[in-house]
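Structural overview for review
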Amino acid sequence: MIILKLGGSVITRKEEDHPTLHQENLERISREIAHSGVKELLIIHGAGSYGHPHAHHYQIGAPIRDEEDLLRKREGFCVTHQSVQELNLEVCRALLQAGIPAVPLSPSSFIHTHHKRITEFNTDLITQYLDLGLVPVLYGDVVLDQDLKIKMAVLSGDQILQHLAQRLGAERVILGTDVDGIYNRNPKTHPNAQLIPLVTSQDDLNFLEGAHTVDVTGGMGGKVKELLQLAEEKVESQIINLYKEGLLERALMGDKVPGTWIKKRR
Ligand code: ADP
């Protein structure tokens, strides 16, 4: 089984401060997945401009200050959830049009966190969908948090990916984003940044800058942490650029494509 993450920077216009779909990317990516012929597949997508502006505005995940703040955050939880659900609907619609039997699953309906890390997550349903040949589609969402100071948290698609890949024993993990992989510096602000083809430990990365786009769920740094944890469990992953036509199709088919691999040193 392959787990594919579609970055929010790919399927939405992340620089926008209001929800904006990247329809062209979404349709092409859906076609590439269909053409690859991959059958056992689980998809997770980021929230991009559908999630971050709301989550940031309402400060979801920050300590609740008082009754008034709780009221506001309650509203923020619903606004953010509704927005990312709309994105999920667009993603599933595009996938289905390309012939992929996509079934949407809302993380807020069945995942809990504690201090923003997943605690409860019943994966039986996901396994059953996969057994039936359906393609479950999960996404970065707001969820209930058992920490009484915050009560609600933003759960990134990257953390869901790490958790599911480990629990379900994914054969391969592919993360698609808007840059070619991990660089020694943010390639958006440093034109001479060098691509790192292989990352095996956190030490390789201590020089990493924070994500260029302000990302409440941690950007590239957060992604790498999740993937290194996964590598510890012997699941290898690769980061590739989904703006480059045909790359995803080839990666899904198992071809060697440019990008960054995250795996344990042998
Ligand atoms: P996505 O929305 O696709 O999950 P993010 O925006 O969270 O992706 O993270 C990818 C972004 O991280 C890139 O667009 C890039 O600008 C930024 N970034 C920051 N530092 C680095 C780095 N060292 N290597 C690669 N990308 C980096």
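What you are looking at is a predicted structure, and each value in this text was computed from that prediction instead of being measured. Numbering of residues starts from 1 in each chain and follows the order in which that chain's sequence is written. Note on the predicted model: pLDDT of at least 70 is required for a residue's local features to be given, and 80 or more for side-chain atom pairs to be given and counted; whole-chain, interface and lining totals, by contrast, use all residues. Excluded from the side-chain calculation are hydrogens and water; included are all heavy atoms of the structure.

1. Section: the overall build of the protein
- Under the DSSP-based scheme used, a helix requires at least four consecutive residues in state H or I and a strand at least two consecutive residues in state E, with every element numbered from the N terminus. Secondary structure summary: the protein contains eight helices and twelve strands in total.
- Atoms counted for the radius of gyration: C-alpha only. Globule rule: 2.2 Å times residue count to the power 0.38. In terms of overall dimensions, the protein is globule-like: its C-alpha atoms have a radius of gyration of 18 Å, near the 18 Å expected for 266 residues.
- Projecting the C-alpha coordinates of the protein onto the three principal axes gives extents of approximately 55 × 45 × 35 Å.
- Buried means the residue's accessible area, taken with a 1.4 Å probe over protein chains only, is under 20% of the maximum for its type, while exposed means over 50%, and partly exposed covers the values in between. Counting all 266 residues of the protein, 52% fall into the buried class.
- The contacts in the protein between residues at least 6 apart in sequence include a share of 74% that link residues at least 24 apart.
- When the accessible surface of the protein is split by element, carbon and sulfur atoms take 50% of a total near 12700 Å².
- Positive charge is attributed to Lys and Arg, negative charge to Asp and Glu, and no charge count is given to His or to the chain ends. Charge placement uses NZ in Lys and CZ in Arg. For Asp and Glu, CG and CD serve respectively. If the 29 positive side-chain charges of the protein are averaged to one point and the 35 negative ones to another, these points end up 4 Å apart. In what follows, residue pairs with any heavy atoms lying within 4.5 Å of each other are defined as contacts. Computed by Shrake-Rupley with a 1.4 Å probe, the accessible areas treat only the displayed protein chains as cover when residues are assessed.

2. What to know about the packing of helix 2 (residues 23-36) against helix 4 (residues 67-97)
- An axis is simply a line fitted to the C-alpha atoms; with a helix, the fit covers only the stretch in contact. Between two such axes, the angle follows the N-to-C directions and lies from 0 to 180 degrees. Direction vectors running N to C along helix 2 and helix 4 enclose 45°, while the axes themselves pass 8 Å from each other. If you check the angle between helix 2 and helix 4, you find them oblique. As helix 2 runs across helix 4, the sense of the crossing is right-handed. Along the contact surface, helix 2 presents L26, S30 and I33, while helix 4 presents E90, V91, A94 and L95. What sets the label is the angle itself: under 35 degrees gives roughly parallel, over 145 gives roughly antiparallel, 65 to 115 gives roughly perpendicular, and the rest give oblique. Take the far helix as your reference; a near helix turned counterclockwise from it by less than a right angle gives a left-handed crossing, and one turned clockwise gives a right-handed crossing.

3. Side note on the sheet that holds strand 8 (residues 152-155)
- A pair of strands counts as paired when DSSP detects no fewer than two bridges linking them. Taken together, four strands build an open sheet; the order of strands is 5-4-7-8 and the sheet is mixed. Two strands lie at the open edges of the sheet, namely strand 5 (117-121) and strand 8, each paired on one side alone. If you compare each strand with its neighbour and ignore which way they point, the axes differ by 45° on average.
- Here strand 4 (residues 111-114) runs beside strand 5; their pairing, made up of three bridges, is antiparallel.

4. Digging into the nonpolar core
- We call a set of buried Ala, Val, Leu, Ile, Met, Phe, Trp, Tyr and Cys residues a nonpolar core when their side-chain atoms join them within 4.5 Å. By size, the foremost hydrophobic cluster in this structure holds 36 residues, and its most contacted members are I3, L42, L138, L164, V173 and I182.
- Counting residues per element, the ones that place at least two in this core are strand 2 (41-45), strand 5, helix 5 (124-131), helix 6 (157-168), strand 9 (172-177) and helix 7 (219-232).
- Of all the elements, helix 7 adds the most residues to this core, at six residues.
- Here I3 is in contact with L42, I44, L161, L164, A165, A170, R172, V173 and I174, once residues within four sequence places are set aside.
- In this structure, I43, Y50, C92 and L247 belong to the second largest nonpolar core, which totals 29 residues.

5. Describing the pattern of salt bridges
- Note on definitions: salt bridges are taken to be side-chain nitrogens of Lys or Arg within 4 Å of carboxyl oxygens of Asp or Glu. Summed over all chains, the structure comprises eleven salt bridges.
- Notably, a salt bridge pairs K188 with D178, separated by 2.6 Å at the nearest N-O pair. Of this pair, K188 sits in the loop between strand 9 and strand 10 (198-199) while D178 sits in the loop between strand 9 and strand 10; the two residues are ten residues apart in sequence, bridging distant segments of the chain.
- K264 is the partner of E232 in a salt bridge, and the nearest nitrogen-oxygen pair spans 3.0 Å. In this pair, E232 sits in helix 7 while K264 sits in the segment after strand 12 (260-262), placing the two residues 32 residues apart along the sequence.
- By relative accessible area, K264 is classed as partly exposed at 40%.
- Connected through salt bridges with shared partners, the residues K5, D158 and K223 form a single ionic network.

6. Looking at the pairing of strand 6 (residues 135-139)
- Burial analysis of strand 6 places five of its five residues in the buried class, which makes it a mostly covered element.
- Covered by surrounding structure in strand 6 are V135, V137 and Y139 together with P136 and L138, the residues of both alternating faces.
- Pairing of strand 2 with strand 6 involves three bridges; the strand directions are parallel. Bridged to I44 within strand 6 is L138.
- Relative to strand 6, strand 3 (residues 102-104) runs parallel, the two being bridged by three bridges. Its bridge partner lying in strand 6, P104 is registered against V137.

7. As for the sheet that holds strand 2
- Strand order in this open sheet of eight strands is 3-6-2-1-9-11-12-10, and the pairing throughout is mixed. The sheet is open, and its two edges are formed by strand 3 and strand 10, each paired on a single side.
- Summarising the sheet, strand 1 (residues 2-6) and strand 9 pair through five bridges and their orientation is parallel. Bridging across to strand 9, I2 finds its partner in R172.

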